[in-house]
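Structure at a glance
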Amino acid sequence: MNREQARDLIFDVLADIAPEVDRDDVDDSLDLTEQLDLDSMDYLTWMIAISEKTGLDIPQRDVSRFLTIDGAIGYLMDKVVIR
Amino acid sequence: MIDFVLPSLGADMDEAMLVTWLVEPGDHVEYGQIIAEVETDKGIIEIECWHNGVVDELLRRPGPDKLAVGTPLARISVEEMETAHEPSEPRLPSAPPDHRPRRSPTQSPPPIRHLAHSLGVDMDKVAGTGANGSVTREDVQRAARKSASPGEERSPEEVRVKASPLARARARELGVNLQSMTASRVDGLIVEADVESVGVAAIEPEDKVAAMRKAITRSMSRSKREIPHYYLATRIDMDRALTWLEDVNSELPITKRVLPAVLLLKATARAVSEVPDLNGHWLDEGFRPSKPVHLGVAISLREGGLVAPAIHDADTLELDELMEHLRDLVTRARAWRLRGSEMSDPTITVTNLGDRGVDTAFPVIIPPQVAMVGFGKVIEEVVAVDGKPEVHPVVHATLAADHRVTDGHTGGLFLTALDRLLQRPEDL
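Residues numbered from 1 in each chain as written. Chains lettered and ligands numbered in written order. Predicted model: local features only at pLDDT ≥ 70, side-chain atom pairs only at ≥ 80, totals over all residues.

Observations concerning the overall build of chain B
- Per the secondary structure count, chain B includes eleven helices and 20 strands.
- Buried residues in chain B amount to 42% of all 428 residues.
- A separation threshold of at least 6 residues defines the contact pool for chain B, and within that pool the share at least 24 residues apart is 65%. (Helix = DSSP H or I, 4+ residues; strand = E, 2+ residues; numbered from the N terminus. Buried ≥ 20, exposed ≤ 12 C-beta atoms within 10 Å, placed from the backbone. Contact = placed C-beta atoms within 7 Å.)

Thoughts on the overall build of chain A
- When its secondary structure is counted, chain A shows four helices and zero strands.
- Going from N to C terminus, chain A has its helices and strands arranged as α-α-α-α.
- Going through the 83 residues of chain A one by one, you find that 24% of them count as buried.
- Long-range contacts, defined as pairs at least 24 residues apart, comprise 66% of the intrachain contacts of chain A with a sequence gap of at least 6.

Side note on the pairing of strand 6 (residues 53–58) of chain B
Residue and element names in this part refer to chain B.
- Here strand 3 (residues 28–29) runs beside strand 6; their pairing, made up of two bridges, is antiparallel. Across the sheet, H28 pairs through a bridge with V54, a residue of strand 6.
- Pairing geometry for strand 6 and strand 8 (residues 72–78), over five bridges, is antiparallel. Looking across to strand 8, one finds that E57 is bridged to R75. (Pairing = 2+ DSSP bridges.)

As for the packing of helix 8 (residues 260–274) of chain B against helix 9 (residues 319–334) of chain B
All names here are of chain B.
- Here helix 8 crosses helix 9 at 110 degrees, and the two axes come no closer than 10 Å. By the criterion of interaxial angle, the relationship of helix 8 to helix 9 is roughly perpendicular. Residues V262, L265 and K266 of helix 8 form the contact with helix 9, whose participating residues are L319, L322, M323 and L326.
- When grouped by side-chain class, the residues that make up the contact of helix 8 with helix 9 number six nonpolar, no polar and one charged. (Axes fitted to C-alpha atoms, helices over the stretch in contact; angles between N-to-C directions. Parallel < 35°, antiparallel > 145°, perpendicular 65-115°, else oblique. Nonpolar A, V, L, I, M, F, W, Y, C, P; charged D, E, K, R; others polar.)

Here's the deal with the pairing of strand 17 (residues 348–352) of chain B
Residues and elements named next belong to chain B.
- Counted residue by residue, strand 17 has five buried out of five residues, so it is predominantly covered.
- Across three bridges, strand 12 (residues 295–297) lies against strand 17 in parallel orientation. Bridging across to strand 17, G296 finds its partner in T349.
- Taken together, the four bridges between strand 17 and strand 18 (residues 371–375) define a ladder with parallel strand orientation. When the sheet's bridge partners are listed, N352 is paired in strand 18 with F375.

Points about the interface of chain A and chain B
- In this complex, chain A contributes 13 residues to the contact, which on the side of chain B involves 14 residues.
- Residues belonging to the side of chain A that touches chain B are distributed by class as follows: six nonpolar, three polar and four charged.

A word on the sheet that holds strand 5 (residues 43–49) of chain B
All names here are of chain B.
- A sheet is described by the order of its strands in space; here five strands give the open sequence 7-2-4-5-16, paired in mixed fashion. This sheet does not close on itself; its edge strands, each paired only once, are strand 7 (66–68) and strand 16 (337–339). Between one strand and the next, the sheet's axes are offset by a mean angle of 45 degrees, whatever the strand orientation.
- The pairing of strand 4 (residues 33–40) with strand 5 spans seven bridges and is antiparallel. Bridge assignment links Q33 to a residue of strand 5, and that residue is C49.

A closer look at the packing of helix 8 of chain B against helix 11 (residues 408–422) of chain B
Residue and element names in this part refer to chain B.
- At their nearest, the axes of helix 8 and helix 11 sit 8 Å apart, and the two run at 130 degrees to each other. Put simply, helix 8 runs oblique to helix 11. At the point where helix 8 passes helix 11, the crossing takes the right-handed sense. For the pair helix 8 and helix 11, contact is made by L263, A267, T268, R270, A271, V272 and E274 and by F414, A417, L418, L421 and L422, respectively.
- Among the residues making up the contact of helix 8 with helix 11, the classes are represented as nine nonpolar, one polar and two charged. (Left-handed = near helix turned anticlockwise from the far one by under 90°.)

Re the sheet that holds strand 3 of chain B
- Taken in spatial order, the four strands of this open sheet run 1-8-6-3 (chain B), and their pairing is antiparallel. At either margin of the open sheet sits one strand with a lone partner, and together these are strand 1 (2–5) and strand 3 of chain B.

Digging into the confidence of the model for chain B
All names here are of chain B.
- Predicted confidence across chain B gives a mean pLDDT of 81, with 76% of residues reaching 70 or more.
- In the model, residues 82–106 has pLDDT below 50 throughout and makes 45 contacts with residues more than four positions away in sequence or in other chains.
- The model gives residues 148–159 a pLDDT under 50, and that stretch makes eight contacts with residues more than four places away or in other chains. (pLDDT = per-residue confidence, 0-100.)

Notes on the environment of B:R60
Residue and element names in this part refer to chain B.
- Its place among the elements puts R60 in the loop between strand 6 and strand 7.
- Put simply, R60 and L422 are 362 residues apart on the chain and 49 Å apart in space, counted from C-alpha to C-alpha.
- Excluding its chain neighbours within four sequence positions, the residues that come into contact with R60 are L18, L67 and L73.

Brief notes about unusual backbone geometry
Residue and element names in this part refer to chain B.
- With an omega of 5 degrees, the peptide bond running from P367 to P368 counts as cis.
- With phi around 50 degrees, D313 is a residue other than glycine that occupies positive phi space.
- Positionally, D313 belongs in the loop between strand 15 (310–311) and helix 9.
- Judged by the 19 C-beta atoms lying within 10 Å of it, D313 is partly exposed.

If you want it as structure tokens, here you go:
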């Protein structure tokens, strides 16, 4: 999965949780929950949706890689292989 | 034969508009079944029936008229055995009685069945993947997605619904299910206005937010005017609880993981069951304690405003069940679709503002409740362990309670119990 595909997927699932977020206004390097006003349930729901879309089970030890959009993009680029 | 009346939907709501019936005359209804939807300042609320029986007559049609709490909406022929289960609190007619509905483990709970109904999914045809083969929320959603694949023909049921072309188009736009609707016209044809009245929740978020702001103003003003609050706070070491939860979660797939907030909710529910004077309602005649703990959870909405619906019998739920209930509640609250009993009968409420980064919350009690618990965020602080300083995660817990009912001593017992329970997370 390349950077653009990963970012698209991440924001596509985010749109269900925070519909008002404009993906062009988000700073990929900042803390996601604070920037987008997500609570812990939103944040978990977002990761579950990513997991469902990609088929990845995100182990607990990797959750910290999803603190920023950049982190999440990097994770998906590492782990998701598109055939 | 009994009148099914518009139930109370919380202290600050005394009227509602009937949006749609989910049953027809002749239909069999079960205890806890959602049979109608009404609209209030707090969005669309699903109304349950607390009897087993048969719908005899629908007395009101959906429409824009505001109906007062207590207005008869339907007549129901009640099966005799069930009359003992009638709600015992006349002041809060929609509060479910202490007995929870009995159901076999393979049956799915009413929320799942209702979801299936609203998505037009036949429960009998869904293969269940839940415990004991029960049908889960995911199973229903999967079945709905399958049947909604583009290019597929309409199901026979959908064809049978009489609706104008405009109504069909609008229903598709708003995501409204025509099958769950009742027509306002005598000939039963569903017209665009009918769809509009059901879909209104989806159209005008600004109005809904304004109405909710008014409801919050009423409720909070009454609280500050009438309830002599006292406040207590304590710091709780979360090291054991979070280490234990991390261990548990590391074994679980992401869909089954439990949030730290769930530990706080469960511990609160258990602690309040030990200190029952904080659990119940202040009514005209004084304090009426509640044996079941229906834990209100403050949920902020993205458009602004908040709701605090109840998780019923929270003290008896396992952590994973509580997590599932919380997820369901947050999802439906944000979609403005809560149930009558959830709105009317929290016996104590929790606000968890830790997610928003504050260290300590000072709650305002929601009348007619008599206490509210606030949690700040989990932060690292220096604590003394065996006389030596160590850095541990801690949470600042606050209790706001009604001085008409309890004194600081009782509040102190509650916070002490809360701390003790959180030091033994494996027993929660």
